[in-house]
Structure formats: structure tokens, C-alpha cells
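Breakdown of the fold
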Amino acid sequence: MILSADLHLGLTSDSVLVEGLPSKVVWTQERLEYLIEMASEDPDMALLLAGDIFDSPNPDSYIFVLFFQGMQYAKDLGVKVYLIPGNHDFGVDIAATDVPLVAALSNVDVVKAPQYIRIGTRLVLFLPHVPPAKRAPKDPFGIGRLTKKKEVADLVVAHGQPTCSYIAGSETILEGSTAMPVDVEALGKLARYIAVGHVHHPQLTERLIIPGSVIVNDFAEIKEKRVYCKFGKVPKLVPFPASQWQYSELEIDMRKGGDLPTVAQIKAKLQGNMVKVRLKVRNRSQAERRRIISLVEEAGGHVCRFDVQVPNEQNVKNTEKEEAAVAVHTKLDHEALVRAYLKTLDEP
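Below you will find a few notes about this structure. From a predicted model like this one, the values you see are computed outputs, not experimental measurements.

1. As for the overall build of the protein
If you tally the helices and strands in the protein, you get eight helices and 20 strands. Taking all 348 residues of the protein together, 48% fall into the buried category. Nonlocal contacts in the protein, meaning residues at least 24 apart in sequence, comprise 73% of its contacts between residues at least 6 apart. On the protein, roughly 17,700 Å² of surface is accessible, and the fraction owed to carbon and sulfur atoms is 52%.

2. With respect to the pattern of salt bridges
Here the structure, examined in full by the defined rule, presents 12 salt bridges. As a salt-bridge pair, arginine 192 and aspartate 154 come within 3.0 Å of each other at their nearest N and O atoms. Taken as a pair, arginine 192 in strand 13 (residues 191-197) and aspartate 154 in strand 9 (residues 153-162) lie far apart in primary sequence, 38 residues in all. Among the salt bridges present, the one from glutamate 221 reaches arginine 226, with a minimum N-O distance of 2.7 Å. As far as burial versus exposure is concerned, glutamate 221 and arginine 226 are alike and both buried. The network of salt bridges with shared partners includes Glu249, Glu251, Lys276, Arg278, Lys280 and Asp307.

The rules behind each value
- Residues numbered from 1 in each chain as written.
- Predicted model: local features only at pLDDT ≥ 70, side-chain atom pairs only at ≥ 80, totals over all residues.
- Heavy atoms only, no water.
- Helix = DSSP H or I, 4+ residues; strand = E, 2+ residues; numbered from the N terminus.
- Buried < 20%, exposed > 50% of the residue type's maximum accessible area, 1.4 Å probe, protein only.
- Contact = heavy atoms within 4.5 Å.
- Areas by Shrake-Rupley, 256 points an atom, 1.4 Å probe, with all protein chains shown as cover.
- Salt bridge = Lys/Arg side-chain N within 4 Å of Asp/Glu carboxyl O.

Structural data, given as C-alpha cells:
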């Protein structure tokens, strides 16, 4: 089985137009097709998507067209697709994932309620997102409605925020929003592995699988790897191939004067062709925006964000505040914060 999550089809921020489509949409579609191709080479010929397939419950019609094209491609390759809604694509009264359900695509199984499904030789328990207004306090996923099985599932596929603190590199992650709390310890009694969508930073522990998002959603995620999970005898996170749509940051410091960087110098710094320019100048009259954009394009990049930084007294004060905030953040007891957050979930 091939497992992924958080496609966020329809997200268009920090994009340029590519043959009439936002580059981020093109990038996501390319990754979806790649996942389908990997699934076609897997013995189970199955692709599991753990929520947030769409970026909103009501995306533009052309996004559905692209999704259907992807599902048709999966059908042509003999791939079965299982998907659950996440907090982005399932609102209170409408879910984007209803559309492929209504369309009755023969190779697409939209799981909208807790359900055990056998895929090949493995038993999988799917737990889709439930809007906050429809959650039962003691059983938010509605697992109690299932017929009790003596057999332990091989895998739980859910979408939400794991209710535990965990470390990704040197970063402690705690995401809020309307996502479901996923009790990893409790679900561990139902399955050998727990796969969770929603958190974009990938991670693999002894039992928890977080495949992460298929693309870099914004420049805050620029250093995060993008992977998918190949679920064989043991789960394995596999990197996606390099993409031309990868993001790069280009800093140009002109505060001491001098010449702009050459095309060759810019090209050497680019990791991908989607570029955020951060220009530091003494005053705005120095900001040669058009010339810099032209240089980046000559180097093979596309400027999708351009920030000009002019030092002043307020900027200096803001920088001091940010550094102080970082210093405080490093001293926080993150596990205590997580416990306090979880305690609020149990309160009426």
C-alpha cells in the first residue's frame, strides 16, 4: 500500500501561472499522479489518502476536474484509491469529498464513517474527520458504533492532531485548529500502526506514521522534506523526486551599496524555480524590483514573493522582540503545554 495525506488541492498561494493554472496546483497534481504510479507498482495496488485531499469544502470546479483526471489515471493503471475527509475539505454541512462519492467512481472509496476495510491481506481501520459540532465528547471518531473485532488491525488511517508531544528534529509541534484529537495510545490497542494526516512535517516512530504534506505549502515549510509512506512488512518513508516547483529563498543585501548579483550567482543559490526574494536596502529608492525579477527569470526562476526590508527604529525594536520571544520559547515546557491543551478537550 502507498499512504499519503494533505494534498490540499486548490491551494494557490505563492504561485505563478503555468499554462493558465497556478503552479502550486500543477505541482500537487504531478505529485498525485506520481503516488498513483507508485501504487500501480505495489502488490496491493492501493493508494490511501489520509484527509485534506482538497484545501476547502467547496473548491473551484476546475480543481474537481483535475482530481477526476487523477482518479481516471488511477483507474487506467488498476489502482484502487481510499480516501477520508480532513478538517480542510469537510465543513459542517458540506464536504468536497462528497463529490467523488456522488460521482460513484468505481475505483474510489470515500470513507465517511469509521470502517474496517481489508486491503489485500491487511485489515485497515479508517477514521475520518468529524466536524466539532458533531463529535461525541467521549468517542469523537464514533468508534463505539463499530462491531467489535477480536482481530487487531494492521493499520489505522486517521486525520487529526496526535494527542501527545513528539519531536521532529529539534522542533516540538503542536497544531490546533478544528482538527480531531487523535489518541495514539488508545488507537494503539486497535492496530499495529497509526497513520495520521494533518501535520505537514513527516515523521515515523515505532507505531506512528505521519506522511506529511505532498508539497511545500508555504515558505515556513521550505526546509521540511516531502515524502510518502510505502507500507510493506514495515512502513517506510520515501522521498518524492526533486521538482522544478520547489521553493527557494534569495536574500540580496544592498545596504552597503555595490552591484546586484549576476545571473550565474543567482542560479547557484536556487534550489527550485519558485523564488522568494528578500531585498535589504538603506532606502526604498534602492529597490530595483523589475531588474531583480528579470535577473531571477534569466536564472530560470519565478518570483512568487518579493519582500523589501528597510531598516528603521521600529524594525530594530521588532527584531529585538522576536529574539526575546525565541529565547522564551526555548525555555517552555512543551509537554506541560500539551497536557494543558488536552485537558481543555476533556472539559465540557
